[in-house]
Amino acid sequence: MASTRDRIIVATNELFRRNGYNGTSLSQISEAAGAPIGSIYHFFPGGKEALAVAVIDTTGSIYRELFEAIAADAADPAGAFTDFFAGAAAVLMESDFIDPCPIGTIAREVANTSEPLRIAAQQAFDSWIAAARDHLVGAGVLPEAAEELAAVFVSTVEGTFVLSRTLRSTAPLDAAGIHLADMARRAIADSARARA
């Protein structure tokens, strides 16, 4: 059985995905988590902002680990990107196009008004970029090119989530996976030629 703290984080994550940061109240979190508001402040003395930081940290780690697992299971290094976007498309369809990850939503809402939340989102995105960069370097891509392509990957993930949700179509995610895989194959080949 999940701890009270974990229940609060899971419930908040779900509410942020559905309603955004500003559209979610502590009373909604309390009700969804089955925990009194006093428990929220017990575990998160900074209130909603501190709770949101915990949600970003937790979700950021989960998505980084998900990419790493998909990359490890991919048939080839470039296929990791196709597989990741295909999985994201399936999740989006199954959820009826509910935001699959609250990090981008929170960042868009409060990056200019909450430095703790901006920093938490930055750290999550940095960890995703690092995971993709390490995967690409492991596939033979030169470090600078791997860093650039990893940043494009994370930017594309966030952008295609917004576009796919708005269009209620997985076509942007499907196209992104194909193009990111092509970019990875070119980067691997270019790096091999540069080393030769």
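Owing to the predicted nature of the structure, the values given are computational and were not obtained by experimental measurement. (Residues numbered from 1 in each chain as written. Predicted model: local features only at pLDDT ≥ 70, side-chain atom pairs only at ≥ 80, totals over all residues. Heavy atoms only, no water.)

Caption draft 1: Fine view of the overall build of the protein chain. On a plain count of helices and strands, the protein chain comes out with 9 helices and 0 strands. Taking 196 residues into account, the globule formula puts the C-alpha radius of gyration at 16 Å, and the protein chain, at 18 Å, falls close to it. In terms of its C-alpha atoms, the protein chain occupies a principal-axis envelope of roughly 65 × 35 × 30 Å. Considering the protein chain as a whole, with its 196 residues, one finds that 46% of them fall into the buried category. A fraction of 70% describes how many contacts in the protein chain between residues 6 or more apart in sequence connect residues 24 or more apart. Within the protein chain, one finds 15 positive and 24 negative side-chain charges whose respective centroids are separated by 2 Å. (Helix = DSSP H or I, 4+ residues; strand = E, 2+ residues; numbered from the N terminus. Rg over C-alpha atoms; globule rule 2.2 N^0.38 Å. Buried < 20%, exposed > 50% of the residue type's maximum accessible area, 1.4 Å probe, protein only. Contact = heavy atoms within 4.5 Å. Lys, Arg positive; Asp, Glu negative; His and termini not counted. Charge placed at Lys NZ, Arg CZ, Asp CG, Glu CD.)

Caption draft 2: View of the side chain of Asn13. Tracing the chain through its elements places Asn13 in helix α1 (residues 4-19). Beyond its immediate stretch of four places on either side in the chain, Asn13 contacts Val55, Thr59 and Pro102.

Caption draft 3: Inspection of the nonpolar core at higher detail. One finds Ile8, Leu51, Phe67, Ile103 and Phe153 to be the most contacted residues of the largest nonpolar core, which totals 60 residues. Taken together, the elements giving at least two residues each to this core come down to α1, α2 (26-33), α4 (47-73), α5 (79-94), α6 (102-110), α7 (115-138), α8 (143-167) and α9 (171-195). With 10 residues, α7 is the single largest residue contributor to this core. If near-sequence neighbours (up to four positions away) are discounted, Phe153 is found in contact with Phe67, Phe81, Phe84, Phe85, Ala132 and Leu180. (Core = buried A, V, L, I, M, F, W, Y, C linked by side-chain atoms within 4.5 Å.)

Caption draft 4: Broad picture of α2. Listing the buried residues of α2 in full gives Leu26, Ile29, Ser30 and Ala33. Burial along α2 is one-sided: seen end-on, the buried residues are contained in an arc of 100°. For α2, the elements touching its buried residues are α1, α3 (37-43) and α4. Where α2 terminates, the next one or two residues include Gly34, which has phi positive at roughly 65°. (Arc of directions from axis to C-beta.)

Caption draft 5: Broad picture of the environment of Val53. Mapped onto the secondary structure, Val53 falls in helix α4. A sequence separation of 20 residues divides Val53 from Ala33, and the C-alpha atoms of the two residues are 17 Å apart. In this structure, Val53 is in contact with Pro116, Leu117 and Ala120, ignoring residues within four places of it in sequence.

Caption draft 6: Focus on unusual backbone geometry. Even without a glycine there, the phi angle at Phe97 is positive, about 65°. Assignment of secondary structure puts Phe97 in the loop between α5 and α6. Residue Arg168 is not a glycine yet carries a positive backbone phi of 50°. Considering the arrangement of structural elements, one finds Arg168 in the loop between α8 and α9. Residue Arg168 is classed as partly exposed on the basis of its relative accessible area of 46%.

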